[in-house]
Amino acid sequence: MKPAKFDYYCPKTVDEALSLLEEIGFDGKIIAGGQSLVPIMNMRLSTPEYLIDINHLKDLQFIEFDGSKMKIGALTRQTEIEMSDAVRQHLGLLSEAVPYIGHVQTRNRGTFGGSLVHADPSAEIPLSLMALGGTLHIASKEEVREVNVEDFFVTYLTTDIMPNELLVEIHIPVPEGRAGYSFHEISRRHGDFALVAAACQLSVDSQDRISKVRLVLGGVDAVPLLITEASELMEGEYLSAPLLNKIADIVDEAVNPESDLHATADYRRHLAKKLAVRTVKTAYERARSENNERS
Ligand SMILES: Cc1cc2nc3c(=O)[nH]c(=O)nc-3n(C[C@@H](O)[C@H](O)[C@H](O)COP(=O)(O)OP(=O)(O)OC[C@H]3O[C@@H](n4cnc5c(N)ncnc54)[C@H](O)[C@@H]3O)c2cc1C
């Protein structure tokens, strides 16, 4: 199918884009990589009257390390994240997760910010950001406001962003000390969205006790699900088989999967427990083998 008729704008500066968004409001839509929006428009599930193409806003395309956090521009292509040495060194979880997104061709166009705003609950970038923690910087004509990732995802395909706003950059703290991470997902074919995905970012103290951990599951609720009870249980503990069994029980309680054409809710629940245990174990082993403290 073809999209419904629309007018097309191609602003050259962020300021120009924000003025257009202010003027057009609910009748307009930003297009970044177009890898989610264009199929939706082709199916006429979305029929914006105006498209605002942000591909010329090169100010929004960067990856920077400032000593304690990574700053990533919203328009940064997923391939740039995948290929970045700085991301591999400081945010290994993202480097591990991004190759699961679609295909090389979709990652060449798809952007970091587009995936966050599209907010598919099984998408790899929202899940990884939830595990890493961080803030989203959202600009309008009036201000730039900061939203913690925990507050950004509202429900399926819905985020805390208004029609007159533009996601401009994302700040992610670099894990300190002896840190480990892990990302796993199960999908029917490579490149498909995950049936269930799990991400874990974890740190241990000098005695190998877990000092900080964030476990997140995707594809099991309307948003990427941060399993806070599992963090509370693990912090201050050594990882052990009984602890992993308790984590599986917590995950069983926390998830709220649905059945669809691809998998039943029961199968998704089963995968969630298995993947949670697998990601925590791998992240812990990686953290323990990290001898050189980074700060
Ligand atoms: C064949 C195929 C397979 C795929 N498989 C996966 C997969 O396995 N995992 C996965 O996560 N994704 C997958 N995707 C989607 C992924 O490729 C998209 O990149 C991503 O979901 C959207 O990013 P985008 O830059 O293309 O955004 P767009 O499609 O341009 O926009 C998506 C939404 O975000 C809004 N938006 C974009 N940028 C901004 C901004 N800076 N500020 C405010 N709003 C903004 C748009 O208005 C729109 O509502 C797949 C896509 C295809 C075509």
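Residues numbered from 1 in each chain as written. Predicted model: local features only at pLDDT ≥ 70, side-chain atom pairs only at ≥ 80, totals over all residues. Heavy atoms only, no water.

Novice: Talk me through the sheet that holds strand β13 (residues 210-218); I want residue IDs and the actual numbers.
Specialist: The antiparallel open sheet is built from four strands, whose spatial order is β11-β12-β13-β14. Unpaired on one side and paired on the other, β11 (178-186) and β14 (225-226) mark the two borders of the sheet. Note: β13 against β14, two bridges, orientation antiparallel. Bridging from a neighbouring strand, Val216 pairs with Leu226 of β14. (Pairing = 2+ DSSP bridges. Helix = DSSP H or I, 4+ residues; strand = E, 2+ residues; numbered from the N terminus.)

Novice: Which residues make up the packing of aromatic side chains, and what values do they have?
Specialist: With the rule as written, the count across this model stands at three aromatic pairs. With centroids separated by 5.3 Å and ring planes inclined at 45°, the aromatic side chains of Tyr100 and Phe183 adopt a geometry described as tilted. Highlighted residues: Tyr100 in the loop between α5 (92-97) and α6 (104-109) and Phe183 in strand β11, separated in sequence by 83 residues. Taken together, a centroid distance of 5.3 Å and an interplanar angle of 75° make the contact between Phe152 and Phe153 edge-to-face. A residue is classified by how much of its surface remains accessible, and Phe152, at 0% relative accessible area, is buried. (Phe/Tyr/Trp six-rings, centres within 6.5 Å; stacked < 30°, edge-to-face > 60°. Buried < 20%, exposed > 50% of the residue type's maximum accessible area, 1.4 Å probe, protein only.)

Novice: Tell me about the site of the ligand, and please be specific about residues and values.
Specialist: Taken together, 30 residues sit near the ligand, with Ile30, Gly34, Ser36, Thr111 and Glu124 positioned nearest. Within the contact set of the ligand, a nitrogen atom lies 2.8 Å away from a side-chain nitrogen or oxygen of Glu124. Surface burial for the ligand is 89%, taken as the share of its 980 Å² of free accessible area covered by protein chains. Listing elements by their share of the shell around the ligand, those giving two or more residues are β2 (28-31), α7 (112-118) and β10 (166-173). The biggest single contributor to the shell around the ligand is α7, with four residues. Across the shell around the ligand, the residue classes tally to 14 nonpolar, 13 polar and three charged. (Near = heavy atom within 4 Å. Polar contact = N/O pair within 3.5 Å; in protein donor to acceptor, adjacent residues only side chain to side chain. Areas by Shrake-Rupley, 256 points an atom, 1.4 Å probe, with all protein chains shown as cover. Nonpolar A, V, L, I, M, F, W, Y, C, P; charged D, E, K, R; others polar.)

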